[in-house]
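# Notes for the structure review
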Amino acid sequence: MKTKNSITVIIVLLCISLAIYYFFPKPPCSITSFEKRAVWLTYQELSELSYQSKEAFEKDFKQMIKTIKKYKNNTIIVQVRAFGDALYLSKLFPLSQVITHQKELSFDPLTEMVEIAHNEGLLIEAWVNPYRISLNEATYRQFLNSSRSQWLKDSKLTIQYGTYQYIFNPASAKIRDYIVKGIEEIILSYQVDGIHFDDYFYVSGTHKNTTQNERLDNVNSLIQDVYQSIKRINKDITFGISPQGNYENCLSDGADIDTWLKEEGYIDYLMPQIYWSDQYYRDGTTTMFTNRSRLFAGLKRHKNVKLYAGLALYRAGEDLDYDPGWKLSSHNISEQIQILSNLSYDGYSLFKYSSLKSKAGQKEMDELLRTHP
């Protein structure tokens, strides 16, 4: 009789526990529960800093760090190679005049950024666009004046897809070696905490004369080589990729996210750019952010590969016909952080730094800190 009563009590307690779990609101997560809380610093934002002197540069960059730390971020992802150029003193790539507006510098910007970030308790990752050469006339002219300008005439080394638009050809072993040596130069010369690639692979317009499998194989060869090279030099340096948030487009452009996630030896983390709200489409009824977050969280993943999410803070307050959620609410980022926590994501990055200073971006971030202290 006692046994029967005990079982009944246990069943009742279980029912009460389940009711509490499903029907009562759960406490919000804390943002500090995420191991990575990053901010992207784009080449456009970096071009607004002063490069006239080391002191002027340090002053401007320290102000950036102050804003970044205000919102409890612990990592910066700095775009040091955007167009076959370099925001550091490189022997392989020309100095980025697009960023510095100068032909030479009296100091090394990356040296200063690493020192300042570490002194402020932040991790710093070097963001590299491995294939992109140019997007417009200014970036095209910059490469045209470099020592490797003759490569633009060789379709085995570069691919043209617009008047001034070029990428390095991912099918070329020579290009692959060149990119790997560039990564090695960074990690041997600077105390960066990571190497970061974004979503520029076989961009739209460069697929001609290749199959999807060929594109995937070509990019995978580079990713493996970069990973192995990094780990051979320093196992503690992380290597991560931030592909676009559209799964099908990733595969079409050569970003083999399934392989990178589930097999060891490619990446340390994946950070898909999940740049939608949960009031998507014209009627605002599609939970696009949740749908895409679940898709990536549901992919098979190796135990050593972390999953982060890129968040579209730059969309805050925008009036978009196809994604009205950004205009209708200033709680998007806060709600997205909770969704990521529920799906066991390990971290996030905010695109981009300048949005931390916009009125709409600050409203989103203030709500984030209020809701997820």
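Keep in mind it's a predicted model, so treat the numbers as computed, not measured.

Rules used throughout
Residues numbered from 1 in each chain as written. Predicted model: local features only at pLDDT ≥ 70, side-chain atom pairs only at ≥ 80, totals over all residues. Heavy atoms only, no water. Helix = DSSP H or I, 4+ residues; strand = E, 2+ residues; numbered from the N terminus. Rg over C-alpha atoms; globule rule 2.2 N^0.38 Å. Buried < 20%, exposed > 50% of the residue type's maximum accessible area, 1.4 Å probe, protein only. Contact = heavy atoms within 4.5 Å. Areas by Shrake-Rupley, 256 points an atom, 1.4 Å probe, with all protein chains shown as cover. Lys, Arg positive; Asp, Glu negative; His and termini not counted. Charge placed at Lys NZ, Arg CZ, Asp CG, Glu CD. Phe/Tyr/Trp six-rings, centres within 6.5 Å; stacked < 30°, edge-to-face > 60°. Lys NZ or Arg CZ within 6 Å of the ring centre and 35° of its normal. Pairing = 2+ DSSP bridges. Salt bridge = Lys/Arg side-chain N within 4 Å of Asp/Glu carboxyl O. Axes fitted to C-alpha atoms, helices over the stretch in contact; angles between N-to-C directions. Polar contact = N/O pair within 3.5 Å; in protein donor to acceptor, adjacent residues only side chain to side chain. Parallel < 35°, antiparallel > 145°, perpendicular 65-115°, else oblique. Left-handed = near helix turned anticlockwise from the far one by under 90°. Nonpolar A, V, L, I, M, F, W, Y, C, P; charged D, E, K, R; others polar.

### Considerations on the overall build of the protein chain
When its secondary structure is counted, the protein chain shows 14 helices and 11 strands. By the compact-globule yardstick of 21 Å for 373 residues, the protein chain fits well, its C-alpha radius of gyration being 23 Å. Expressed as lengths along the three principal axes of its C-alpha atoms, the size of the protein chain is roughly 90 × 50 × 45 Å. For the protein chain, the proportion of its 373 residues judged to be buried stands at 55%. For the protein chain, contacts bridging at least 24 residues in sequence account for 75% of all contacts bridging at least 6. When the accessible surface of the protein chain is split by element, carbon and sulfur atoms take 49% of a total near 17700 Å². For the protein chain, the distance from the average site of its 43 positive side-chain charges to the average site of its 43 negative ones is 3 Å.

### Focus on the packing of aromatic side chains
The full count for this structure, using the stated rule, is 23 aromatic pairs. For the ring pair Phe 197 and Phe 239, a centre distance of 5.0 Å and an interplane angle of 85° mean the geometry is edge-to-face. Taken together, the residues span a long stretch of sequence, with Phe 197 in strand E7 (residues 194-197) and Phe 239 in strand E8 (residues 238-241) at a distance of 42 residues. Of the residues examined, Phe 239 reaches a relative accessible area of 0% and is grouped as buried. Taking the centre distance of 4.9 Å and the plane angle of 45° together, the rings of Tyr 269 and Tyr 308 count as tilted. Of this pair, Tyr 269 sits in strand E9 (residues 269-270) while Tyr 308 sits in strand E10 (residues 306-311), placing them 39 residues apart in sequence. The pair formed by Tyr 269 and Tyr 308 is uniform in burial state, with each residue classed as buried. Cluster of aromatic residues (ring-pair linked, three or more members): Trp 40, Trp 127, Tyr 275, Tyr 314 and Phe 351. The aromatic ring of Phe 93 is capped on one face by Arg 81, whose charged end is 4.0 Å from the ring centroid. In this structure, Arg 132 is placed above the aromatic ring of Tyr 200, and the distance from its NZ or CZ to the ring centre is 4.3 Å.

### A closer look at the pairing of E10
Within E10, five of the six residues are buried, leaving the element largely enclosed by the surrounding structure. Across two bridges, E9 lies against E10 in parallel orientation. Bridge pairing in E10 places Leu 270 opposite Leu 307. In the sheet, E10 pairs with strand E11 (residues 347-350) via four bridges, with the strands oriented parallel. Of the residues in E11, the one forming a bridge with Leu 311 is Leu 350.

### Side note on the pattern of salt bridges
Going through the model one piece at a time under the given rule, you end up with 10 salt bridges. Where Asp 225 meets Arg 176, a salt bridge forms, and the shortest distance between an N and an O atom there is 3.2 Å. Of this pair, Asp 225 sits in helix H8 (residues 212-233) while Arg 176 sits in helix H7 (residues 173-189), and the two are 49 residues apart along the sequence. The salt bridge partner of Asp 346 is Arg 301, with a shortest N-O separation of 3.7 Å. With a gap of 45 residues between them, Asp 346 in the loop between helix H13 (332-342) and E11 and Arg 301 in the loop between helix H11 (288-297) and E10 connect regions that are remote in the sequence. Accessibility expressed as a relative area gives 31% for Arg 301, which makes it partly exposed.

### A short note on the sheet that holds strand E6 (residues 166-168)
Within a sheet, adjacent strands bond to each other through the backbone by hydrogen bonds, running parallel or antiparallel. Read across the open sheet, the three strands follow the order E4-E6-E5; overall the sheet is antiparallel. Here the strands that pair on one side only, and so sit at the sheet edges, are strand E4 (132-134) and strand E5 (158-160). Here the strands of the sheet are splayed against their neighbours by 25° on average, with no regard to which way each runs. As paired elements, E5 and E6 share three bridges and run antiparallel to each other. When the sheet's bridge partners are listed, Gln 160 is paired in E6 with Tyr 166. Packing against the sheet, helix H6 (residues 137-144) makes contact with E4 and E6, and its axis sits at approximately 100° to E4.

### Notes on the side chain of Thr 206
Structurally, the position occupied by Thr 206 is in the loop between E7 and H8. Looking at Thr 206, its side chain comes within polar contact range of the main-chain oxygen of Val 203, at 2.6 Å. With near-sequence residues (within four places) excluded, Thr 206 lies in contact with Ile 159, Tyr 161 and Ile 167.

### Here's the deal with the packing of helix H3 (residues 54-70) against helix H5 (residues 109-119)
At a closest axis distance of 10 Å, the pairing of H3 and H5 adopts a crossing angle of 40°. Between H3 and H5, the crossing angle belongs to the class labelled oblique. For H3 against H5, the interelement crossing comes out right-handed. Here H3 contributes Lys 54, Phe 57, Glu 58, Phe 61, Lys 62 and Ile 65 to the contact with H5, which in turn contributes Pro 109, Glu 112, Met 113 and Ile 116. Looking at the contact of H3 with H5 residue by residue, the class counts come to six nonpolar, no polar and four charged.

### Comments concerning the sheet that holds strand E1 (residues 36-41)
The strand order around the closed barrel built from eight strands is E1-E2-E3-E7-E8-E9-E10-E11, with neighbouring strands paired in parallel fashion. The sheet contact formed by E1 and E11 spans four bridges and is parallel. In the sheet register, Ala 38 faces E11, and the bridge partner there is Ser 349.

### Structural notes on the environment of Val 192
Mapped onto the fold, Val 192 is located in the loop between H7 and E7. Linking Val 192 and Thr 286, residues 94 residues apart in sequence, is a C-alpha distance of 40 Å. Look past the residues within four positions of Val 192 in its chain and what remains in contact with it is Val 114, Ile 124, Ala 126, Ile 186, Ile 187 and Ile 237.

Everything listed here is a matter of coordinates, which is why it stays silent on function.
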